[in-house]
Amino acid sequence: MTAELTTSIPLPVSAADAWTVLGDLPDWSNWSRRVGFDRPAVPGQTQPMRVRAVGVWLTVPVRINHCDLDKGLSWTGGPDGLFAGTHYFRLEPATGGTCTLVQGELFAGHLVPVMLPLLRRILLALYGEINNDLARHLGG
């Protein structure tokens, strides 16, 4: 079973300017209240991601899939076959030299029908906070 959650927010800068912040994973702790990384993104490598969920900081290993302006940022984490998620960020050009951030996650595994209804509200709130933190950091 698969399912997807998607959010978006307009950003007040170009996709290239937004990418200088979004693509710099070690700098996330300077603008994101909920997610942090210690190392730059290297596609194909697994690294720890710190995420504040349900009031506590958790460290989750994620494998970086993409990290460039054209493909966006994407990582995969969670137990394969049970409840794995591929999280993604895309920057889509918009009018007036601005862009739209699209953030989402594609879930796959046998536990998706059970887990996603329980986590949907928490995850959408987390994605929304990341979106808003980035927009605020970029002047929006």
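Please refer to the structure placed before this passage.
Per chain, residues are indexed from 1 in the order of the written sequence. Only residues with pLDDT of at least 70 are given local features in this predicted model, and only at 80 or more are side-chain atom pairs given and counted; all residues enter the totals for whole chains, interfaces and linings. Side-chain calculation: all heavy atoms of the structure are included, whereas hydrogens and water are not.

## Remarks on the overall build of the chain
When helices and strands are counted, the chain shows 2 helices and 7 strands. For the purposes of this entry, the term helix denotes a DSSP run of H or I that reaches at least four residues, the term strand denotes a run of E that reaches at least two, and both are numbered from the N terminus. Each helix and strand of the chain, placed in order from N terminus to C terminus, yields the pattern β-α-β-β-β-β-β-β-α. Here the globule rule is a power law, 2.2 Å times the number of residues to the power 0.38, and the radius of gyration is based on C-alpha atoms. The C-alpha atoms of the chain give 15 Å as radius of gyration, which agrees with the globular expectation for 140 residues (14 Å, within 12%). Seen through its principal axes, the chain has C-alpha atoms that stretch 45 × 30 × 25 Å. Across the 140 residues in the chain, those meeting the buried criterion constitute 42%. Three exposure classes are used, based on accessible area relative to the maximum for each residue type with a 1.4 Å probe and protein chains only: buried under 20%, partly exposed in between, and exposed over 50%.

## Quick look at the sheet that holds strand β7 (residues 99-108)
One open sheet holds the 7 strands; their spatial order is β1-β7-β6-β5-β4-β3-β2, and the pairing between them is antiparallel. The sheet is open, and its two borders are formed by β1 (2-11) and β2 (35-37), each paired with just one other strand. In this sheet, neighbouring strand axes are inclined to one another by 25° on average, regardless of whether the strands run parallel or antiparallel. When DSSP finds two or more bridges between two strands, those strands count as paired. The pairing of strand β3 (residues 46-53) with strand β4 (residues 56-68) spans 8 bridges and is classified as antiparallel. What sits directly across from Arg50, in β4, is Thr59. Contact between two residues is taken to exist if any of their heavy atoms lie within 4.5 Å; hydrogens are not considered. Fitted lines through C-alpha atoms serve as axes, helices being fitted only where they are in contact, and the angles separating the N-to-C directions of these axes extend from 0 to 180 degrees. The strands touched by helix α1 (residues 15-22) are β1, β4, β5 (72-77), β6 (84-93) and β7; relative to β6, the strand with the most contacts, the crossing angle is about 145°.

## What to know about the side chain of His87
Of note, His87 is situated in strand β6. Those residues in contact with His87, other than ones at most four positions away along the chain, are Leu73, Ser74, Trp75, Gln103, Gly104, Glu105 and Tyr127.

## Description of the nonpolar core
Core analysis: the biggest nonpolar cluster contains 37 residues, and Leu11, Trp28, Trp75 and Leu91 have the highest contact counts within it. If you tally residues by element for this core, the top one is helix α2 (residues 112-137), at 8 residues. Ignoring sequence-local partners within four residues, the contact set of Trp75 consists of Trp28, Phe37, Met49, Val62, Arg63, Ile64, Asn65, Gly85, Thr86, His87 and Phe89. By nonpolar core is meant a set of buried Ala, Val, Leu, Ile, Met, Phe, Trp, Tyr and Cys residues that side-chain atoms within 4.5 Å join together.

## Concerning the pairing of β7
Counting buried positions along β7 yields 7 of 10 residues, so the element is predominantly enclosed. The pairing of β1 with β7 spans 10 bridges and is classified as antiparallel. Residue pairing for β7: Thr6 is matched across the bridge by Gly104. Relative to β7, β6 runs antiparallel, the two being bridged by 10 bridges. Across the sheet, the residue bridging to Ala84 is Ala108, located in β7. Between β6 and β7, which pair antiparallel and follow one another directly, the connecting turn spans 5 residues, one of which, Gly96, has a positive phi of 70°.

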